Amino acid sequence: MTTLPRRSLLAFAALGGAAAATGLGTASWAAPAAADPQWYAPIRDALAGLPDGAAGAPPTATAAQVLATGPAGRWEGRSGVADVESGRPVPHGARFRIGSVTKTFTATVVLQLAAQGRLHLDAPVARYLPGLLPAAYANATVRHLLDHRTGLPSPTWPDGVAWQVEHRFDRYTPEQLVRLALANEREFEPGTRQHYTNMGYIVAAVLIRRLTGRSYAEEIERRIVRPMHLADTLVPGDDPGIAGPHAHGYQVLDGALVDVTRWNQSSTPGAGDMISSLRDLDAFTQALFRGRLLPPAQQRDLFAVPDVPDWESGEPATYSAGLTRMVMLPDGRTVWGKSGARYGYSAAIAATADAATRLVYSVNATDAKAESQAPTIQRLIAAGTKLLLT
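Residues numbered from 1 in each chain as written. Predicted model: local features only at pLDDT ≥ 70, side-chain atom pairs only at ≥ 80, totals over all residues. Heavy atoms only, no water.

J.: Report on the pairing of strand 10 (residues 334–342), specifying residues and quantitative values.
T.: Along any regular strand the residues' side chains alternate between the sheet's two faces. Counting buried positions along strand 10 yields 9 of 9 residues, so the element is predominantly enclosed. Of the two faces of strand 10, both are covered, the one formed by Thr334, Trp336, Lys338, Gly340 and Arg342 as well as the one formed by Val335, Gly337, Ser339 and Ala341. In sequence, strand 10 turns back onto strand 11 (residues 345–352) through a hairpin of 2 residues, with Gly344 there showing a positive phi of about 95°. (Buried < 20%, exposed > 50% of the residue type's maximum accessible area, 1.4 Å probe, protein only. Helix = DSSP H or I, 4+ residues; strand = E, 2+ residues; numbered from the N terminus. Pairing = 2+ DSSP bridges.)

J.: Can you tell me about the environment of Gln112, naming the residues and giving the values?
T.: Of note, Gln112 is situated in helix 2 (residues 102–115). Between the C-alpha atom of Gln112 and that of Leu293, which follows or precedes it by 181 residues, the distance is 7.9 Å. Dropping the residues within four chain positions of it, Gln112 is found in contact with Arg223, Leu293 and Leu294. (Contact = heavy atoms within 4.5 Å.)

J.: Go over the packing of helix 6 (residues 174–181) against helix 7 (residues 199–212), please, and point to the residues and values.
T.: Direction vectors running N to C along helix 6 and helix 7 enclose 140°, while the axes themselves pass 9 Å from each other. Here helix 7 runs oblique to helix 6, going by the angle between their axes. The handedness of the crossing between helix 6 and helix 7 is left-handed. Contacts from Pro174, Glu175, Leu177, Val178 and Ala181 of helix 6 reach helix 7 at Met199, Ile202, Val203 and Val206. Tallied by class, the residues present in the contact of helix 6 with helix 7 amount to 8 nonpolar, no polar and 1 charged. (Axes fitted to C-alpha atoms, helices over the stretch in contact; angles between N-to-C directions. Parallel < 35°, antiparallel > 145°, perpendicular 65-115°, else oblique. Left-handed = near helix turned anticlockwise from the far one by under 90°. Nonpolar A, V, L, I, M, F, W, Y, C, P; charged D, E, K, R; others polar.)

Quick look at the structure:
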C-alpha cells in the first residue's frame, strides 16, 4: 500500500449496517439487529471519549461525526458535545465547516463550464482574465488552477494563531487575495510542479464570475446544491455564523479554549469557505464519483493526476482537479477524496473510485490547522485503513 499526503484521510472498505444516534462524552450509535457489530467497532472506538484531553489540559477535540457507506449498508455515529458550556450532545444532522472540501465543489463547476464549451482547460488563464496575473504566469492554464500547478504563491499573513483569531471577522474579496499573493515571488514555472495551496481556487472563483456573470457561490447553488436538494450545504459569504444545528468549534489559545464558531471565511473564497453536513457530503460524493455531475470527458479530468513532482517534497503529485489520490492498493484499487480544515473544524470525504464504499466525517479539533492531526483523526485514519484492507 502507498499512502499519500499526511493530512489526507482514508476511506472505508467492506462496510455494512445502518445507524443514526447521538452521544454525550462518548460515542453512541444504533445498528439493525441482524448486523454484525464487528465491522464498525474500530470506528466506534475511534469516536469514543470526546471531549478528550488529560486532566487540567484542554481537549484536542470536542466532537466528531462519521457516516460510512458500503455495499451492505450505512452506519452513522457522533460523539462529544455541541458546546462545552452546556454539555449538550451533538445534534443529529449537525452542520460544519468543510474547509478545503470546498475545492471539490468549485472544481465541479469549472469542469461543467468546460463541458459546456465556455472554457478550455488547457487554455491560458489570461485568455479569460486578462490583466489579473502578470506576465510571469502567461503559461498558467485553467487546468493548472484546479491541480495546483500555477506556481502562484500564497499571501503572507502574520505568524501565530492569536492574530488569526483577532482578525477572524476581517473581510476580503478574491481580487484582494490575488493582489496580496502577487506581492510574493512566483514559486515555479507554471505546469512544472505541483504545490497544494488555495490560490488556484481563489482565481477560479474570479474566473467563474467573469464567465457566467454570477459568483462562484451562486453557480455552486444553481448547479449542484439546488438540483441535488442539499439542504445543509451553502457558501456563507460574509456571514460568520453557522445557521441550523451545529457543534461549536474551538481553538486552543494560551492554554484555554476560545469559541471560534463565528468566523468570516472570505479569506478562502472558492477554496475553503463552505458549510455542509455528513449526509449532504455523502450524496455529493456519490453523485460526483458515479458521473452524475460531469460528462465522461470531464469525469476523466476530475481523476487525472499530473505527472510532475511535488514542489516541496519532490515526491510524485497526488492532487487531481479537486480531489486527492489518497491510497493506492496493490490490486490497483484507489481511494480518492478531499480533506479540509478551518479553525475549530476538520472534515473529509473519501471513497473508492466507484463510490461503492464511502466515508464522510467532521471532527471539531481544537487545533485543526496544526501540522499534526488530533488523536481522534489519527484513530479514524487507522480504523479506516484497517477496514479498507480487510
